[in-house]
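If you want the building blocks of each chain, they are given just below.
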Amino acid sequence: MNRVRSFFGKPYRWAAMYGVILALAFAFVLLDAFVIPKAQIKVEPQSTPTQPEVSEYGDSAGYIAPDAATDHTEKEDDNNADVEESPPVAPVITDTSYKDENISISIETARKNGTTFYVADILLSDASYLKTALAKNVFGRNIKQTTTAMAEEHQAIFAVNGDYYGFRDTGYVLRNGVSYRDNGNDDALVIDGDGSFSVVREGSASMESLVDDGAWQVFSFGPALVLDGEIVVGSGSEVSKSKNSNPRTAIGQAGELHYIVIVSDGRTQESKGFSLLELAEEFAGRGCSIAYNLDGGGSSTMVFNGRITNNPTDGRRTGEREVSDIVYIGYE
Amino acid sequence: MSTLDMNRPRSGRTAFIYLLLSAACIAVTNIYALFGHGVRSASMDTMFLYPLLMGAAPYLLLSILLPRIRRRRFLRLAFNLYNSGVATLTVGAMLNGILEIAGTASAYQPLFMATGWIFAFIGFILFLIPDSGGRTDKKAKNP
């Protein structure tokens, strides 16, 4: 005991020791929050819905590798006459569209208020083609993969980043009918098994009741942008003190099995990014009765036929950020 | 435990160091904001208050009101714990700010604030404990 007294009796020894402990604790918390992966649940394989026939354009999902996209487009151009004359068994794929007997997607690039944005207009014959996937097929914190990698793994025709659930410890997570997390207190987007969107307040609607009512996917990010056709965000609305203009990803429903997905570029000289109000106006203008904001910033990524459509950036460096999950259209 | 001969120059110097730390906190907050895409955190914006209000202000008062503190047991421990508490609260506020700005959270955040307040409180109580007239550390004569 006397040795301890003597040791800490020397000037600055206590301060030095405690400083080191404090620095290590600080570093550990940051690593735990941002870096250390914590896998919790392995995703079980999902049942596969009706598959279209395998076409000469790719595999059963119509997915094509990025380096093969041009060739397919050329083939499609050559064979347009055949496609129009016969039932659309094979998907018709261009740089900005995809169409088969179950899925129709068109991508539009537009510019408004100094912001470049990308609009995917999606029509499905069945809600089961609107899917989600978790990075590395594992639920957990800091389990990450790029949107492109997840899209390729699941042979997605179209994909955008999801709500990045793995960056937080709260917020409902229900994916493809499986509940992974049921705590939270924010507005959540619920997609029913029939493909209908609704927004609920976590806590006031339990995950159990949502599942009982037919929920198939639940996202927790927000806020809701459009409800019942009305814009529900104002000019001052923001995502936890984030600045007004940002890269954004949001999804909306325009009708039965008709969806609009918008991704905006932002934080660059060329494109400043959308405010939530500007984003909401875009959805409302396109006839969406409901729209919901997903994770944005550096996470915002739109992938179509294996290629990144937008220009992902976090404002400091360009390129795709790894995220926890995606929303995608496909068969796998 | 050794005791500390707290005199005016020493308390005044500590107050000055805390003032510098407070200014450093303001600088860190503003530099971090440059890279935060406009996102700010109340925790980080106010972290300079810990060294200012719990460090500089009380030490300045101490140097004025109690220019000489009688050596006694636990005095060094009291100051060590109190200073550690202020440091923990400041670092905890910075940590809260970093996590808030990133849009995430950690289960360990409350531990920093709880530890900081407990250390500061115990240090303060130890400082208030009157000298029982018992033994003092011989080394206190030359702190």
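In what follows, the accompanying structure is described.

What counts, and where the lines are drawn
Residues numbered from 1 in each chain as written. Chains lettered and ligands numbered in written order. Predicted model: local features only at pLDDT ≥ 70, side-chain atom pairs only at ≥ 80, totals over all residues. Heavy atoms only, no water. Helix = DSSP H or I, 4+ residues; strand = E, 2+ residues; numbered from the N terminus. Expected span 1.5 Å × (residues − 1). Buried < 20%, exposed > 50% of the residue type's maximum accessible area, 1.4 Å probe, protein only. Pairing = 2+ DSSP bridges. Contact = heavy atoms within 4.5 Å. Buried area = accessible area lost by both parts, 1.4 Å probe. Polar contact = N/O pair within 3.5 Å; in protein donor to acceptor, adjacent residues only side chain to side chain. Nonpolar A, V, L, I, M, F, W, Y, C, P; charged D, E, K, R; others polar. Patch = residues over 30% accessible without salt bridge, like charges linked within 9 Å, V, L, I, M, F, W, Y side chains within 5 Å. Areas by Shrake-Rupley, 256 points an atom, 1.4 Å probe, with all protein chains shown as cover. Salt bridge = Lys/Arg side-chain N within 4 Å of Asp/Glu carboxyl O. Axes fitted to C-alpha atoms, helices over the stretch in contact; angles between N-to-C directions. Arc of directions from axis to C-beta.

**Quick notes on helix α4 (residues 75-102) of chain B**
Residues and elements named next belong to chain B. Across its 28 residues, α4 extends 41 Å between first and last C-alpha, which sits within 8% of the 40 Å expected from 1.5 Å per residue. Buried residues dominate α4, accounting for 22 of its 28 residues. Downstream of α4 by one or two residues, Gly103 has phi in the positive range, about 85°.

**Looking at the sheet that holds strand β9 (residues 156-161) of chain A**
Residue and element names in this part refer to chain A. Strand order in the open sheet formed by 5 strands is β6-β23-β9-β20-β21, with antiparallel pairing between adjacent strands. What marks the edges here is a single partner per strand, and that holds for β6 (130-134) and β21 (307-308). Judged from the 5 bridges that link them, β6 and strand β23 (residues 325-330) form a sheet pairing that is antiparallel. Residue pairing in the sheet places Leu134 in a bridge with Asp325 of β23.

**Points about the interface of chain A and chain B**
The interface is formed by 30 residues belonging to chain A together with 33 residues belonging to chain B. Between chain A and chain B lies a buried interface of about 2,600 Å² when both sides are counted; carbon and sulfur atoms form 62% of it. Interface area lost by chain A to chain B is led by A:Arg5, A:Trp14 and A:Phe26, which between them contribute 24%. At the surface where chain A touches chain B, the tally comes to 7 residue pairs in polar contact (both at pLDDT 80 or more). Those elements that provide at least two residues to the side of chain A that touches chain B are α1 (2-9) and α2 (13-34) of chain A. It is α2(A) that contributes the most residues to the side of chain A that touches chain B, 11 residues altogether. When grouped by side-chain class, the residues that make up the side of chain A that touches chain B number 14 nonpolar, 5 polar and 11 charged.

**Section: a nonpolar patch on the surface**
Residues B:Ile118, B:Phe121, B:Ile122, B:Phe124, B:Ile125, B:Leu128 and B:Ile129 make up a contiguous nonpolar surface patch of roughly 640 Å² in combined accessible area. One can find B:Leu128 in helix α5 (residues 109-128).

**Focus: the sheet that holds strand β5 (residues 115-124) of chain A**
All names here are of chain A. As summarised here, the arrangement of the 9 strands in space is β2-β3-β4-β5-β18-β17-β19-β15-β16, forming an open sheet in which the pairing is antiparallel. Bordering the open sheet on either side are β2 (92-93) and β16 (230-231), each of which pairs with just one other strand. Note that β2 and strand β3 (residues 97-99) share 2 bridges and pair antiparallel. In the sheet register, Ile93 faces β3, and the bridge partner there is Tyr98. Where helix α7 (residues 276-285) meets the sheet, its contacts fall on β4 (103-112), β5, β15 (224-227), β16, β17 (248-255), β18 (258-264) and β19 (290-294), and the angle it forms with β15 comes to roughly 35°.

**Re the environment of A:Val233**
Residue and element names in this part refer to chain A. Looking at where Val233 falls in the secondary structure, it is placed in the loop between β16 and β17. Its relative accessible area of 8% is what places Val233 among the buried residues. Taking the C-alpha atoms as reference points, Val233 and Ala33, 200 residues apart in sequence, are found 30 Å from one another. Every residue in contact with Val233, bar those within four places of it in the chain, is listed here: Pro223, Ala224, Leu225, Leu276, Leu277 and Ala280.

**Here we look at α2(A)**
In a regular helix each residue adds 1.5 Å, so 22 residues correspond to 32 Å; α2(A) covers 32 Å between its end C-alpha atoms and thus fits that length. Those residues of α2(A) that sit buried are A:Trp14, A:Tyr18, A:Leu22, A:Phe26, A:Val29, A:Asp32 and A:Ala33. Axial view of α2(A): buried residues confined to an arc of 130°, hence all on one face. Turned more than 90 degrees away from the buried face of α2(A) sit A:Val20 and A:Leu24, all of them exposed. Summarising the contacts, the buried residues of α2(A) are in contact with α1, β1 (38-42) and β7 (138-141) of chain A together with α4 and α5 of chain B.

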